[in-house]
Each structure stands twice: as C-alpha cells, then as structure tokens.
Amino acid sequence: MSEKLLARDIMTGGVHCVGAHESLLDVAKTMRDLGVGCLPICGDNNRLTGLITDRDIVVKCCAEGIDPATVQAGSLNAKIHWIDAEADAADVLTTMEQHQIKRLPVIDVKGGHRLVGMITEADLAKNLSDEQIAEFVSCVYATAQA
C-alpha cells in the first residue's frame, strides 16, 4: 500500500524569503536573480506575512508611476493562504482551487510554524494525476460568467 502524498512531498523547499522592509526594486532584482515570479514576505519575526509577485510590482507600483525603490514589500501584503506541511494532496488542491491561487506557501506547524517550501503549478504537474491537474486548471483558470 502506498503512502499518502503530503504537501511536504509536493513542495519545492529552500524558499527564499524577502523582508517586509525591502524595497520593491530589490525584490524585483531578487526575483530576476532567482528566476522566480513570486517570493514570500517575512516580517521582523521571520514569520510569513505575505507573498509578492512580479505582477504586484508592475500593476500596483510601476503602472501607477511609483518608483519601486521607494515602496516597501510589506506594504503590498494581502490576505495569505498557506497549508500545513502534513496536509495531504487533496487538501492542497482544495485550498488552491477554493482561493484560485497558483502558489501556496507550506508551513511546518509542528516544527515551529516555519516556512519550509512553496507549492506551484509546476510542483502539481510533477506530482499529481492528469485528472487532478485538469480539475485544478478548470477551477483556478475559470472565468467569471456574466
């Protein structure tokens, strides 16, 4: 009998966290250097406080004519959804589908509530069945009906 697939089995570990006080310019450079489009934001207590995407920087800062060197990453924090590292794959999918999100931070609740990884669409594609991926895509990329 195979073991149940957990969030910690699906995630990519070693996630780089940016500080809430870092400028959006510095965050953008970090994203470029790491080849990623999203980074978790950690507060002064090293706890996860949010996520910032390249799209956030463009839409909420650059497109508004604001200098990204003058805006702190923490100022763009929005409600964050995360999953316990011990949650099963079905819970991961449910969380991502319900909130229509493409990236999900993984927190080790038993290990001090630390950020231990991130689950992205690529991680789902590598670890889940075609049927599960199809369901995810239909939920997350569904367009609103008028």
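For the structure itself, look to the data block above.
Residues numbered from 1 in each chain as written. Predicted model: local features only at pLDDT ≥ 70, side-chain atom pairs only at ≥ 80, totals over all residues. Heavy atoms only, no water.

Caption draft 1: Seen up close, the nonpolar core. Ile 83, Val 92, Met 96, Leu 104, Val 106, Ile 119 and Leu 124 are the most contacted members of the largest nonpolar core, which has 19 residues in total. For this core, the elements supplying multiple residues, two or more each, are α1 (7–10), α4 (89–98), β6 (103–108), β7 (114–120) and α6 (130–140). If one sorts the elements of this core by residue count, α4 sits on top with 4 residues. Filtering out sequence-adjacent residues up to four positions away, Met 96 remains in contact with Ile 101, Lys 102, Arg 103, Leu 104, Ile 119, Leu 124, Phe 136 and Val 140. Ala 20, Leu 24, Val 27 and Met 31 belong to the second largest nonpolar core, which has 13 residues in total. (Core = buried A, V, L, I, M, F, W, Y, C linked by side-chain atoms within 4.5 Å. Buried < 20%, exposed > 50% of the residue type's maximum accessible area, 1.4 Å probe, protein only. Helix = DSSP H or I, 4+ residues; strand = E, 2+ residues; numbered from the N terminus. Contact = heavy atoms within 4.5 Å.)

Caption draft 2: Just the pattern of salt bridges, in detail. Per the counting criterion, the structure on display carries 6 salt bridges. Note that Glu 86 is salt-bridged to Arg 8, the shortest N-O span being 2.8 Å. You can see Glu 86 sitting in the loop between β5 (83–84) and α4 and its partner Arg 8 sitting in helix α1, a full 78 residues away along the chain. For Glu 86, a relative accessible area of 34% translates into the label partly exposed. Ionic pairing is found between Lys 60 and Asp 56, a salt bridge with its closest N-O pair at 3.8 Å. Remark: Asp 56 and Lys 60 occur in helix α3 (residues 54–60); sequence separation between them is 4 residues, near one turn of the helix. Classification of Lys 60 as partly exposed rests on a relative accessible area of 41%. (Salt bridge = Lys/Arg side-chain N within 4 Å of Asp/Glu carboxyl O.)

Caption draft 3: The arrangement of the sheet that holds strand β2 (residues 18–19) in detail. Spatial ordering of the open sheet is given by β2-β3-β4, a layout of 3 strands whose pairing is mixed. Looking at strand neighbours, the two that pair on one side only are β2 and β4 (48–53), the edges of this open sheet. As paired strands, strand β3 (residues 38–42) and β4 are joined by 5 bridges and run antiparallel to one another. Across the sheet, Cys 38 pairs through a bridge with Thr 53, a residue of β4. Sitting on the sheet, helix α2 (residues 24–34) is in contact with β2, β3 and β4, with an inclination near 130° to β3. (Pairing = 2+ DSSP bridges. Axes fitted to C-alpha atoms, helices over the stretch in contact; angles between N-to-C directions.)

Caption draft 4: The arrangement of the environment of Asn 127 in detail. Take Asn 127: it is sitting in helix α5 (residues 121–127). Taking relative accessible area as the criterion, Asn 127 reaches 31% and is therefore assigned partly exposed. Discounting chain neighbours no more than four positions away, the residues touching Asn 127 are Leu 5, Asp 9 and Ile 10. A distance of 2.7 Å separates a polar atom in the side chain of Asn 127 from the backbone oxygen of Asp 123. (Polar contact = N/O pair within 3.5 Å; in protein donor to acceptor, adjacent residues only side chain to side chain.)

Caption draft 5: Structural context of the sheet that holds strand β1 (residues 12–13). The 4 strands lie next to each other as β1-β7-β6-β5, forming an open sheet whose pairing is mixed. Only two strands of the sheet have a single neighbouring strand rather than two, namely β1 and β5. Of the strand pairs in this sheet, β6 and β7 are connected by 6 bridges, and their pairing is antiparallel. Directly across from Leu 104, in β7, lies its bridge partner Ile 119. Contacts between α4 and the sheet are confined to β5, β6 and β7, with β6 contributing the most and set at about 135° to the helix.

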